[in-house]
Amino acid sequence: MMSVQLVILCILSSSLAKPLLFDQPRWFWSWRDTSEEKGEYYEGDMILSSKQITDLRKRTGLVNTQYRWPNNTVPYQLSSEFTQSEADFIRTSLNRVEEVSCLKFISRNSFHNDFISVTRENSGCFSKVGFQGGVQQLNFAPHKLGEGCFRNGTIIHEFLHALGFFHMQSAADRDDYVTIVWDNISLDHRKNFKKYNDTVITHFGVDYDYDSVMHYPRNAFSINDKDTIIPRDPDAEIGQRVRISSGDIERLNKMYECDCGK
């Protein structure tokens, strides 16, 4: 019975990744939401441990299995400052990830020493990257539901960081797919557009994904509202925060070795 369920999961994954908002006009994609740029964190919204920073300098880590959550299970605890509607909105986004993977997000109890503490500080959206051990913070600043940190795709984006994912455009092969317009990025933020070789960040054999919920938008960290990232495919749109993409799903299942009956 379990193997049948897993096969069904893989068949349904691509359909579950379909957009929730159909085709969007170009203004939808070019409108700039800076909620993931508020904090002075690594690449805007990631908190790295000192070991991860060292690993980055050595061009090792990130693919390291020590950053995977044990038993594919993520205990989390929501701050009491969240309203019930906000808590329900977060849970709905986590359900979306569970539907297309073997990951489970469970409410933390007194036996869980390692868990994500989801806070509601007015300081943007951010997360630690991968399993750290102990209490690790993930934050969603208050916004109206459907805006800022409270978009389904943004909630999924931050939890994918917590599961061990970095931004799509940090990948080694990104220059084959996008052009970085350095003149439109302030000197202080150019470090956010660094790329790493494939011993650091891996696609797990999945093609570069313009549609990834982990991709920066076209005008991320722009100093003049002009594009900072231009897709080489003129028809490609980047930076959506509507849903987890089919490529995200495939990478997640490969990272956590979800058995898809293949």
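Basis of the calculations
Residues numbered from 1 in each chain as written. Predicted model: local features only at pLDDT ≥ 70, side-chain atom pairs only at ≥ 80, totals over all residues. Heavy atoms only, no water. Core = buried A, V, L, I, M, F, W, Y, C linked by side-chain atoms within 4.5 Å. Buried < 20%, exposed > 50% of the residue type's maximum accessible area, 1.4 Å probe, protein only. Helix = DSSP H or I, 4+ residues; strand = E, 2+ residues; numbered from the N terminus. Contact = heavy atoms within 4.5 Å. Pairing = 2+ DSSP bridges.

(A) Looking closely at the nonpolar core. Of all hydrophobic cores here, the largest spans 36 residues; its most connected members are Phe105, Ile116, Phe140, Phe159, Leu160 and Leu163. Mapped by element, the contributors of at least two residues to this core are β2 (73-78), α4 (84-99), β4 (115-119), β6 (135-140), α5 (152-163) and α6 (246-255). When residues of this core are assigned to their parent elements, the largest contribution, six residues, is made by α5. Once residues within four sequence positions are removed from consideration, Ile116 is found in contact with Trp69, Val74, Pro75, Tyr76, Gln77, Gln136, Leu138, Phe159 and Ala162. Counting 13 residues, the second largest nonpolar core, distinct from the first, contains Met168, Tyr208, Tyr216 and Ile229.

(B) Summary view of the pairing of β4. For β4, a buried count of five out of five residues is recorded, marking the element as mostly surrounded by other parts of the structure. In β4, alternate side chains face the same way, and those of Phe115, Ser117 and Thr119 on one face and Ile116 and Val118 on the other are all buried. Bridging between β2 and β4 involves three bridges; their strand directions are parallel. Paired with Tyr76 across the two strands is Ile116, which belongs to β4.

It is worth stressing that arrangement in space is one thing and function is another; only the former is reported here.
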